[in-house]
There are 2 protein chains.
Amino acid sequence: MNETWKKYEEYMFKISAYELMLGTASFDAHTVAPKGGSEYRNERMAYISGELYTLSTSDELLQMLKELSEDESLDDDHRRIVRWHLKDMMRDRYIPKDFFVEYEKLVMDANVAWEKAKNENDYQIFKPYLLKIIEMKKQQLTYLPDGDKGYDVFLDDYEPGMTMAKYDEFFSLIKEKLVPVIKKIREREQIDDSFNYDYYPIDKQKELAELIMKYIDFDFDNGILSTTEHPFTHPLQKHDVRVTTHYYEHSLVSSIFSVIHECGHANYNHSIRDDLAETYVFDNISSGMHESQSRLFENYLARSYHFWDNLFEPMKQIFPEQLKNVTQKQFVDAVNKVECSLVRTDADELTYPLHILIRYEMEKGIFDGTIDLERLDEIWDEKYQEYLGIKAEKASQGILQDVHWSDGSFGYFPTYALGSGYAAQFVKAMSRDLDIDQCLANNEFKKIKDWLREKIHQYGGLYLPSEQIVIATGQPFDPHNYTDYLVEKYSKLYGLNEE
Amino acid sequence: MNETWKKYEEYMFKISAYELMLGTASFDAHTVAPKGGSEYRNERMAYISGELYTLSTSDELLQMLKELSEDESLDDDHRRIVRWHLKDMMRDRYIPKDFFVEYEKLVMDANVAWEKAKNENDYQIFKPYLLKIIEMKKQQLTYLPDGDKGYDVFLDDYEPGMTMAKYDEFFSLIKEKLVPVIKKIREREQIDDSFNYDYYPIDKQKELAELIMKYIDFDFDNGILSTTEHPFTHPLQKHDVRVTTHYYEHSLVSSIFSVIHECGHANYNHSIRDDLAETYVFDNISSGMHESQSRLFENYLARSYHFWDNLFEPMKQIFPEQLKNVTQKQFVDAVNKVECSLVRTDADELTYPLHILIRYEMEKGIFDGTIDLERLDEIWDEKYQEYLGIKAEKASQGILQDVHWSDGSFGYFPTYALGSGYAAQFVKAMSRDLDIDQCLANNEFKKIKDWLREKIHQYGGLYLPSEQIVIATGQPFDPHNYTDYLVEKYSKLYGLNEE
């Protein structure tokens, strides 16, 4: 290995040490840390973020990366690592350090305020933080050479190559294909999912979560499951990937599907090639690619009938009373029930992209100035009325439901829908190589994981999403795979073609 | 406030940020982190420890401290803060940074190995780490100007002012006064504590722990309870003090008393004066002083009859079957049962100092070279035979029972006995101001906490133990308070004076 690369690796070790400290402290803050400690903690985490910022935007590192980017002796993988690192670093270098540290402190405080606001159903607690975050995000754009592109800058941060123009096209197809189907379903007889609202003790739900995680072969030696207000996956390193969920005493399926969703994310980070695990591409996987894997697990696999062949009976043993009159078919039909509902994370597959569309339109409006920031909560409600025909009675089910804006993650939401779209194409390609239903029925989940690892996961963020999709499926991304899948699946479930 | 002090505070903010990161990562590693991640984690934590070492031993900081130590405009409290900080810093500055980082990495790895060894009852897994730690501790002495004092150096680290000469005298009184009492008790009829070995489900024990913590007014806004292999208290900052315990399905009292013990520690850190909370004296409380507060809660209060006046019935409601034939008196007698047993943390008050004596004698022997390091496990067993007349069947109940040597905490153990001694004197002084039994009976635990805060806790580590004892009790430390208390209490319980 050449000298500069060795120096680069040593430098990256230091960066990774700071990242691990901050990542661990952040996980701790979200899971166990007492509320009273947040002021002291956030001040110090912001300071350490500043130290990391200094290290990761230094002239020394820039010099190394430039040298490596011109080094023709590097192989393609190494050149890619350098390319993505250099690209991201250049963007960060434009931000003044003081601004960066102030922003880090703000989002940590905002997160505390958001959690309190959600628990107390009071948007006013969170509002000043949200407005300040928006102000700073706009300020951030003024530092960037391409800042005049506005929201497109943030879209590219989360999904390299994506723009408003492309998302507009994507969502326009979604609306065209799905809205009529949803409309028809609303006129049909509804699926009975009343069993889901029975009482499910949380310790029993935890037992079920563990059972499901074992079935999908979650790597417990190198990962854990915890509880948080908002479920997430936290990949600290290949050998420490953490997933969280939220349990509700009166919902069986909420935690089931968030656990499976997060395990889809975790599986990506667990399955990266060893020689890439400690490089830049461990953690630069695009959000759309990452969501494609979580949504693939959650929907394409876990909402299919055969996924439950080996789980349904054990689940009934955990909840014998609650599920005594429920068959596997009834259960699977129920978890596919289409319903215009308020909470994105509990939404069915078909209406889900409309939840995303609402957020996407709001974010666009926030950054092009067409939305009155004083009315964000009302606009949220109006859009739910417009697209889903319902209105939240509580802010915790309206604008406060998601953690993302408290993190300043503008540009992230659209990747959920896009990732669901990618997943459709991955599943179609996988079906050419594997009988997926058979794998599930035979308790051979590992075969599915092996396919995903070989085609996608092993590379981490080595390839652009557009390249990765071709590598895995042989075709560029085509969102019709997604809409076709949804229309076919739900037409069948609700007998829409039978008239 | 003068300029140098302001600069010093700013500098201390940076140090506290690194300490918080490492403290949080360490807590995470002990509680939730997956085993697979330890290699990656420990390498990086050791690196960050090195960064902290550089910061906290810098010439810049030394210059500031020297300047402040000569600044006559500072008040007594500030001068003390500077004095203790300077003293500790000088000791650290003699250690080469590379050595420091290597040692930090070693103890983290050793901790992982110890936990595995204990779980698998195999001392051989831990032995090479222990020997390496001992080697490095001896090496460390060679760097220090007073290193030729050997083990005395480490004793002073944990309890400023203490030496082998003083501990020898202390333990000699212990042996003289307590061994004859233990001998007599062994000939008496034993107290029945069989209910303790019934089945106590862990989730119910957790419920009980919370109940007890509420009774003793644990500050849940600024602290948490977690589960670990070895119970400990982790004071990250005044507003984030964490305690842990270990639950055994077939012991009710083990977790009860370790929870109360750790809450005694936590209460100390929670109760420091606000203007001292972010200074050096938050975390430099001597081990003996700290143990005095944990042992005071655990033994002097929680093993007394009236402590249970407001807890015994609620506890019976949690374990109605297991405790149905047990009265409050039987319960309190049982938790005071004297028994020569193997595990220090479960030992009764009377035999407890003998457990400490064994460790103290071993540590002395390790550092004066009179012990064959190849035979540490056997010597452990021989000493248990000698002092307590029993021998561990499993290494996990022998040399592997305690976490401390895996941390390299040589010199710590004796402070447990010393702290118990201090506690006797504190309780005697408290009794002059308060009717302790009355406070417990009336559910006025807060009065006890107030007394401790006013006399001790508010100061943190501002005073030397010898000074602090005089401040709180008006007298220098007299270990007869301890032996008198034990002899009187146990003579009464076992009717030794009735013959």
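Residues numbered from 1 in each chain as written. Chains lettered and ligands numbered in written order. Predicted model: local features only at pLDDT ≥ 70, side-chain atom pairs only at ≥ 80, totals over all residues. Heavy atoms only, no water.

Quick word on the overall build of chain A
Phase 1 of the analysis: Helix and strand content of chain A: 20 helices and 3 strands.
Phase 2 of the analysis: Since a compact globule built from 499 residues should have a radius of gyration of about 23 Å, the 23 Å found for chain A is in line with a globular shape.
Phase 3 of the analysis: With the C-alpha coordinates of chain A rotated into their principal frame, the extents come out at 65 × 50 × 45 Å.
Phase 4 of the analysis: Buried positions account for 62% of the 499 residues belonging to chain A.
Phase 5 of the analysis: Pairs at least 24 residues apart make up 75% of the contacts formed inside chain A by residues separated by at least 6 positions.
Phase 6 of the analysis: When the accessible surface of chain A is summed, it comes to about 20300 Å², and 48% of that surface belongs to carbon and sulfur atoms.
Phase 7 of the analysis: A gap of 1 Å separates the mean positions of the 57 positive and 90 negative side-chain charges of chain A. (Helix = DSSP H or I, 4+ residues; strand = E, 2+ residues; numbered from the N terminus. Rg over C-alpha atoms; globule rule 2.2 N^0.38 Å. Buried < 20%, exposed > 50% of the residue type's maximum accessible area, 1.4 Å probe, protein only. Contact = heavy atoms within 4.5 Å. Areas by Shrake-Rupley, 256 points an atom, 1.4 Å probe, with all protein chains shown as cover. Lys, Arg positive; Asp, Glu negative; His and termini not counted. Charge placed at Lys NZ, Arg CZ, Asp CG, Glu CD.)

Brief notes about helix H6 (residues 123-143) of chain A
All names here are of chain A.
Phase 1 of the analysis: Taking 1.5 Å of rise per residue, 21 residues should cover 30 Å, and H6 covers 30 Å from first to last C-alpha, within 8% of that figure.
Phase 2 of the analysis: Every buried residue of H6 is listed here: Tyr123, Phe126, Lys127, Leu130, Leu131, Ile133, Ile134, Met136, Lys137, Gln140 and Leu141.
Phase 3 of the analysis: Among the structural elements, helix H5 (97-119), helix H7 (151-158), helix H14 (352-368) and helix H15 (376-388) are those in contact with the buried residues of H6. (Expected span 1.5 Å × (residues − 1).)

Observations regarding the interface of chain A and chain B
Phase 1 of the analysis: Counting from both sides, the interface comprises 38 residues of chain A and, opposite them, 38 residues of chain B.
Phase 2 of the analysis: Summing both sides of the interface, chain A and chain B together bury roughly 3200 Å²; the carbon and sulfur share of this comes to 66%.
Phase 3 of the analysis: Among the residues chain A hides against chain B, the three largest losses belong to Met21, Tyr40 and Arg44 of chain A. Together they make up 21% of the total.
Phase 4 of the analysis: Scanning the region where chain A abuts chain B turns up 6 salt bridges.
Phase 5 of the analysis: With a shortest N-O distance of 2.7 Å, Arg242 of chain A and Asp28 of chain B are connected by a salt bridge.
Phase 6 of the analysis: Only helix H1 (3-31), helix H2 (38-56), strand S1 (223-227), strand S2 (233-237) and strand S3 (240-245) of chain A provide two or more residues apiece to the side of chain A that touches chain B.
Phase 7 of the analysis: Of the residues contributing to the side of chain A that touches chain B, the split by class is 18 nonpolar, 8 polar and 12 charged. (Buried area = accessible area lost by both parts, 1.4 Å probe. Salt bridge = Lys/Arg side-chain N within 4 Å of Asp/Glu carboxyl O. Nonpolar A, V, L, I, M, F, W, Y, C, P; charged D, E, K, R; others polar.)

Quick word on the confidence of the model for chain A
Phase 1 of the analysis: Of the residues in chain A, 100% have a pLDDT of 70 or more, and the chain-wide mean is 96.
Phase 2 of the analysis: For this predicted complex, the interface score ipTM comes out at 0.95, alongside a pTM of 0.96. (pLDDT = per-residue confidence, 0-100.)

Section: the relation of the copies chain A and chain B
There are two copies of the chain, and a rotation about an axis plus a shift along that axis relates them.
Phase 1 of the analysis: You can overlay chain A on chain B at an RMSD of 0.0 Å; the transform is a turn of 180° with a shift of 0.0 Å along its axis. Such a turn and shift between the copies fits a two-fold axis. Looking at the rotation axis and the C-alpha trace of chain A, the residue lying nearest is Met21 of chain A, at 2.8 Å.
Phase 2 of the analysis: When the interface residues of chain A are mapped onto chain B, 100% of them are again interface residues, pointing to one common binding face. (Least-squares fit on C-alpha atoms with pLDDT ≥ 70 in both.)

Focus: empty space enclosed by the protein
Phase 1 of the analysis: Tallying each qualifying case throughout the model produces 3 cavities of 30 Å³ or more.
Phase 2 of the analysis: If you add up the space inside the largest cavity, you get close to 50 Å³.
Phase 3 of the analysis: At the level of elements, H1 of chain A together with helix H1 (3-31) of chain B are the ones that each hand at least two residues to the lining of the largest cavity.
Phase 4 of the analysis: Among the residues forming the lining of the largest cavity, the class breakdown is 4 nonpolar, 3 polar and 2 charged.
Phase 5 of the analysis: Roughly 40 Å³ of volume is contained in the second largest cavity.
Phase 6 of the analysis: In terms of lining, the second largest cavity is formed by Gln205, Leu208, Ala209, Ile212, Leu252, Ser255, Ile256 and Val259 of chain A. (1 Å grid on protein atoms, 1.4 Å probe; cavity = no way out; pocket = protein on both sides within 12 Å on 5 of 7 lines; lining within 4 Å. Points joined across faces, edges and corners; volume = space filled by probe spheres on them.)

Details of the packing of helix H7 (residues 151-158) of chain B against helix H14 (residues 352-368) of chain B
Residues and elements named next belong to chain B.
Phase 1 of the analysis: For the pair H7 and H14, interaxial distance at closest approach is 9 Å and the crossing angle is 135°. One way to sum up the angle between H7 and H14 is to call them oblique. Residue-level inspection shows Tyr151, Phe154 and Leu155 of H7 in contact with H14, the latter providing Tyr360, Glu363, Lys364 and Phe367.
Phase 2 of the analysis: Looking at the contact of H7 with H14 residue by residue, the class counts come to 5 nonpolar, no polar and 2 charged. (Axes fitted to C-alpha atoms, helices over the stretch in contact; angles between N-to-C directions. Parallel < 35°, antiparallel > 145°, perpendicular 65-115°, else oblique.)

Concerning unusual backbone geometry
Residue and element names in this part refer to chain A.
Phase 1 of the analysis: A positive phi is found at Asn121, a non-glycine position, where the angle reads about 55°.
Phase 2 of the analysis: In this fold, Asn121 is placed in the loop between H5 and H6.
Phase 3 of the analysis: With relative accessibility at 33%, the residue Asn121 sits in the partly exposed group.

A few points about the pattern of salt bridges
Residue and element names in this part refer to chain A.
Phase 1 of the analysis: The final tally for this structure, using the stated rule, is 84 salt bridges over all chains.
Phase 2 of the analysis: Here Glu39 ties to Lys105 by a salt bridge, and the two come within 3.8 Å at their closest N and O atoms. Residue Glu39 is found in helix H2, and its partner Lys105 is found in helix H5; the two are separated by 66 residues along the sequence.
Phase 3 of the analysis: A relative accessible area of 43% places Glu39 in the partly exposed class.
Phase 4 of the analysis: A relative accessible area of 19% means that Lys105 is categorised as buried.
Phase 5 of the analysis: Residue Asp402 pairs with Arg359 through a salt bridge whose shortest N-O separation is 2.7 Å.

Considerations on the packing of helix H3 (residues 59-69) of chain A against helix H4 (residues 76-93) of chain A
All names here are of chain A.
Phase 1 of the analysis: Remark: H3 packs on H4, axes separated minimally by 10 Å, with the N-to-C direction vectors making an angle of 145°. Crossing geometry of H3 relative to H4 is assigned as left-handed. Across from Asp59, Leu61, Leu62, Leu65, Leu68 and Ser69 in H3, the residues of H4 making contact are Arg79, Val82, His85, Leu86, Met89, Met90 and Arg93.
Phase 2 of the analysis: Across the contact of H3 with H4, the residue classes tally to 8 nonpolar, 2 polar and 3 charged. (Left-handed = near helix turned anticlockwise from the far one by under 90°.)

Things to note about the nonpolar core
For soluble globular proteins, nonpolar side chains are generally found buried alongside one another.
Phase 1 of the analysis: Counting 130 residues, the largest nonpolar core has Phe307, Trp308 and Phe331 of chain A as its most contacted members.
Phase 2 of the analysis: The biggest single contributor to this core is helix H16 (residues 414-433) of chain A, with 10 residues.
Phase 3 of the analysis: Built from parts of two domains, this core gets at least three residues from each of domain 1 (3-149) and domain 2 (164-498) of chain A.
Phase 4 of the analysis: In this structure, Trp308, Ile379, Tyr422 and Leu452 of chain B belong to the second largest nonpolar core, which totals 128 residues. (Core = buried A, V, L, I, M, F, W, Y, C linked by side-chain atoms within 4.5 Å. Domains from an automatic or database assignment.)

Considerations on the domain arrangement of chain A
It is common to give the size of an interface as the accessible area lost on bringing the parts into contact.
Residues and elements named next belong to chain A.
Phase 1 of the analysis: Split into domains, chain A comes out as domain 1 (3-149) and domain 2 (164-498).
Phase 2 of the analysis: Taken over C-alpha atoms, the centre of domain 1 sits 26 Å from the centre of domain 2.
Phase 3 of the analysis: With 37 residues of domain 1 at the interface, the matching set in domain 2 holds 42 residues.
Phase 4 of the analysis: Between domain 1 and domain 2, a total of about 3500 Å² is buried, with carbon and sulfur atoms accounting for 65% of that surface.

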